[in-house]
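Below, each chain spelled out in residue letters.
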Amino acid sequence: MKAGQKAYLKIIEKMKKVISEPEEITGMPKFFKMQVDPKKIGLLIGKLGANIKMICEKANVKINVLDQGIVEILYFEEEELDSAKELINKSLVSKRQKG
């Protein structure tokens, strides 16, 4: 029994030297939620969904908009998320509010 336990501990020590910290799994999407004014969902979606489709294509993300104003964004890279958030925020400023 002691020999098995020693061997087990030796293996664990070698594994700790090789794998110092867990690797991040690549290829898995990340998930981000943000709240927008429910009254502005129409601005975000756009006519026939054109605006939200454009955001998804430009930022390379998937977006789900819930009635309560919750926007769910699935992304792979932080740059994609940043781009999507920027485009979403720009779309929420209507032309009437600009000037």
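Throughout what follows, the structure given in this document is the object of discussion. (Residues numbered from 1 in each chain as written. Predicted model: local features only at pLDDT ≥ 70, side-chain atom pairs only at ≥ 80, totals over all residues. Heavy atoms only, no water.)

**Describing the packing of helix α3 (residues 50-59) against helix α4 (residues 78-91)**
In the contact formed by α3 and α4, the axes pass within 9 Å of each other and the chain directions differ by 155°. One finds that α3 runs roughly antiparallel with respect to α4. Of the two possible hands of crossing, α3 and α4 adopt the one that is right-handed. Contacts between α3 and α4 involve Asn 51, Ile 55, Lys 58 and Ala 59 on the former and, on the latter, Glu 80, Ser 83, Ala 84, Leu 87, Ile 88 and Ser 91. A breakdown of the residues in the contact of α3 with α4 according to their chemical character gives 5 nonpolar, 3 polar and 2 charged. (Axes fitted to C-alpha atoms, helices over the stretch in contact; angles between N-to-C directions. Helix = DSSP H or I, 4+ residues; strand = E, 2+ residues; numbered from the N terminus. Parallel < 35°, antiparallel > 145°, perpendicular 65-115°, else oblique. Left-handed = near helix turned anticlockwise from the far one by under 90°. Contact = heavy atoms within 4.5 Å. Nonpolar A, V, L, I, M, F, W, Y, C, P; charged D, E, K, R; others polar.)

**With respect to the side chain of Ser 91**
In this fold, Ser 91 is placed in helix α4. A polar contact is formed between the side chain of Ser 91 and the backbone oxygen of Ile 88, at a distance of 2.7 Å. Residue contacts for Ser 91: discarding those within four places in its chain leaves Leu 43, Leu 44, Asn 51 and Ile 55. (Polar contact = N/O pair within 3.5 Å; in protein donor to acceptor, adjacent residues only side chain to side chain.)

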